[in-house]
Amino acid sequence: MTNATSKTNLLGLTQQKLEAFFEQLGEKRFRAGQIMKWIHHYGVDNFDEMTNVSKVLREKLKVCAEIRGPEVVSEDISRDGTRKWVVRVASGSCVETVYIPQNGRGTLCVSSQAGCALDCSFCSTGKQGFNSDLSVAEIIGQVWIANKSFGSVPGTMDRAVTNVVMMGMGEPLLNFDNVVDSMLLMMDDLGYGISKRKVTLSTSGVVPMIEKLGEVTDVALALSLHAPNNALRSQLVPLNKKYPLEVLLPACKKYISGLGEKRSLTIEYTMLKDVNDLPEHAAEMIELLRDIPCKINLIPFNPFPHSGYERPSNNAIRRFQDMLHQAGYNVTVRTPRGEDIDAACGQLVGQVMDRTRRSERYIAVRQLAVEAEVVLPLRDSNP
Ligand code: SAH
Ligand code: SF4
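Small disclaimer: the values here were computed from a predicted structure and weren't measured.

### Describing the pairing of strand β6 (residues 105-109)
Then comes step 1: In terms of residue burial, β6 counts as a mostly covered element, since four of its five residues are buried.
Then comes step 2: Here strand β5 (residues 94-102) runs beside β6; their pairing, made up of five bridges, is antiparallel. What sits directly across from P101, in β6, is G106.
Then comes step 3: Sheet topology places β6 next to strand β9 (residues 163-166); three bridges connect them, and they run parallel. In the sheet register, L108 faces β9, and the bridge partner there is V164.

### Observations regarding the site of ligand 2
Then comes step 1: Around ligand 2, the neighbouring residues are C116, L118, D119, C120, C123, G126, G170, E171 and S204.
Then comes step 2: Taken together, the residues of the shell around ligand 2 sort by class into four nonpolar, three polar and two charged.

### Thoughts on the nonpolar core
Then comes step 1: Core analysis: the biggest nonpolar cluster contains 104 residues, and L10, M183, L289 and I296 have the highest contact counts within it.
Then comes step 2: For this core, the leading source of residues is helix α5 (residues 136-150), giving eight residues.
Then comes step 3: Both of domain 1 (4-66) and domain 2 (71-371) provide at least three residues apiece to this core.
Then comes step 4: For L10, the contacting residues outside a window of four places in its chain are L18, F21, I35, I39, F47, A65, E66 and I67.

### Focus on the site of ligand 1
Then comes step 1: Around ligand 1, the surrounding shell holds 22 residues, and the nearest of these are G170, S202, S224, H226 and T270.
Then comes step 2: In this structure, S202 approaches ligand 1 through a side-chain N or O atom, which is 2.7 Å from an oxygen atom.
Then comes step 3: Note that an oxygen atom of ligand 1 is positioned 2.6 Å from one of the side-chain N or O atoms of S224.
Then comes step 4: Compared with its free state, where it exposes 540 Å², ligand 1 has 96% of that area covered by protein.
Then comes step 5: Taken together, the elements giving at least two residues each to the shell around ligand 1 come down to β10 (199-203), β12 (265-271) and β13 (294-300).

### Thoughts on the pattern of salt bridges
Then comes step 1: Taken as a whole and judged by the stated rule, the model has 17 salt bridges.
Then comes step 2: Note that E27 and K60 form a salt bridge whose closest N and O atoms lie 2.9 Å from each other. Residue E27 is located in the loop between α1 (15-24) and α2 (31-41), and its partner K60 is located in helix α3 (residues 55-64); the two are separated by 33 residues in the primary sequence.

### Examining the packing of aromatic side chains
Pairs of aromatic rings are described using the distance from one ring centre to the other and the angle between the two planes.
Then comes step 1: Tallied over the full model, the rule gives six aromatic pairs.
Then comes step 2: Ring geometry for Y99 versus F150: centroids 4.7 Å apart, planes at 50 degrees, classification tilted. With Y99 in strand β5 and F150 in helix α5, this residue pair connects regions lying 51 residues apart in the sequence.
Then comes step 3: Here the aromatic residues F301, F304 and Y309 are joined through ring pairs into a cluster of three or more.

### Structural notes on the environment of N240
Then comes step 1: Summarising the element assignment, N240 is placed in the loop between α8 (230-236) and α9 (245-257).
Then comes step 2: Spatially, the C-alpha atom of N240 lies 9.6 Å from that of L225, the residues being 15 residues apart in sequence.
Then comes step 3: Every residue in contact with N240, bar those within four places of it in the chain, is listed here: N230, R233, S234 and L245.

The rules behind these values
Residues numbered from 1 in each chain as written. Chains lettered and ligands numbered in written order. Predicted model: local features only at pLDDT ≥ 70, side-chain atom pairs only at ≥ 80, totals over all residues. Heavy atoms only, no water. Buried < 20%, exposed > 50% of the residue type's maximum accessible area, 1.4 Å probe, protein only. Helix = DSSP H or I, 4+ residues; strand = E, 2+ residues; numbered from the N terminus. Pairing = 2+ DSSP bridges. Near = heavy atom within 4 Å. Nonpolar A, V, L, I, M, F, W, Y, C, P; charged D, E, K, R; others polar. Core = buried A, V, L, I, M, F, W, Y, C linked by side-chain atoms within 4.5 Å. Domains from an automatic or database assignment. Contact = heavy atoms within 4.5 Å. Polar contact = N/O pair within 3.5 Å; in protein donor to acceptor, adjacent residues only side chain to side chain. Areas by Shrake-Rupley, 256 points an atom, 1.4 Å probe, with all protein chains shown as cover. Salt bridge = Lys/Arg side-chain N within 4 Å of Asp/Glu carboxyl O. Phe/Tyr/Trp six-rings, centres within 6.5 Å; stacked < 30°, edge-to-face > 60°.

Below, the structure is given as C-alpha cells:
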C-alpha cells in the first residue's frame, strides 16, 4: 500500500528514532527494541501479533503508527534461485529488487531512487531521468520483503539476506540521509544484523558525499569507474566533469583507509565494446589504480534498445582481465543470473512514472545490476 497517511511508519525508523518516537508517546524507550524485533526479525506488520506488548499500547499504536512496506507488484523466481520483486513506491513509480543466492550467501540488490539524475550514457535508468527519492521505509522495506518471502512459518522470516548491495536503481549518495538510515537498520542487531563488510554502497562518484559517508558509517564502498582517464570517463559518466579522477580517487582512498586493515575498494567497470575494453585501457587502469587497495569487477554491458553500445566478446573481456590479473590485481567478471525472469543487468522491467504525468505514461527502466561475481577461466578461448 502506498497511500499517504498521517500515521508514522515504524518500518523506516532507526533504533534511535524509534526510541524518540516512544518517548514522545510517553512510553519507555525499551519499547523500541521490542517493536523492532517484531518488525525486522519476524516480519510482522500487525500490532495485534505483538504479544509481549500490552493491549493498551497496541491500541495506542494502531491510532498513530503503522508498519508499511512498499507495495509488491510482482515476485518472480528463477530456475537458478534468483528472485526478483517489482515494488511500487509512493511517487507511483516502480523499482526492482533482486535476490541472488550463491555459495551460501544471499545477496540483495536494493534500489535507492526511482530513476536517476546522473545520466550515465550506458545506463537505461539514467536515460529515464529522475523521478523520486525512496524513503527509508521503501529502501529497508526491500530487505523486509525479501526476507519475509523466505519465511516458512507465518510471522517468522529467515535471514535469507546475508549481503546487501546498493546497486539497484538510483545514485545512493544523492539520497544520502535515507540511505544511511537504511544501512544502519541493515547492520543493527535489532534490524537485520548484517556486518558492515557485507553492506556495499555503489556510487558513480559524488565526491563530497563520499567524504560525508566516511564521517557517519564504515560500510563497503564500490566505485563505478568505467574508464581509466578523464576524457573517456566524462563521456560515459557526466558527473566526472564535476568530480574528475584526481579528486575522486583520493576521496575513495581516504574512505577506504578510514575503514582499517584489510578493507579494499571495489571498482566496477562496465565493459563496452571498442569503447573502454581495449588493451590500452587495461594498461591505463593498471597505472591509475596502482596505489589503491582494490578489487576489480568487470561487468559486461547488458544491452537495451537504442543504447548505442555493444557487449564485448568473451575474448576481449578475458584479454582485459588477463592484463589486470598479470599486473597483480584481483579481477572478477560478473555473469548474468536469473535471465529467465529478466533479472540480469540491463534487462527492461521496472517502470518509472513520467514526472510530468500529463499522459500517465510509464517508461521502462533499466533492470537492476545484480549479478553474481565469478572468475572466468583465464585461458579459456571460447569466443
Ligand atoms: N548509481 C550507482 C548504483 C547503481 S548502478 C552507480 O552508478 O554506481 C549499479 C551498476 O550498474 C553501476 O556500476 C553501472 O555501471 C551498472 N550498469 C548500469 N547499466 C548497465 C548496463 N546496461 N550493463 C551493465 N552494467 C550496467
Ligand atoms: Fe545513475 Fe548509476 Fe545509472 Fe549512472 S549508472 S545513471 S549513477 S544509476
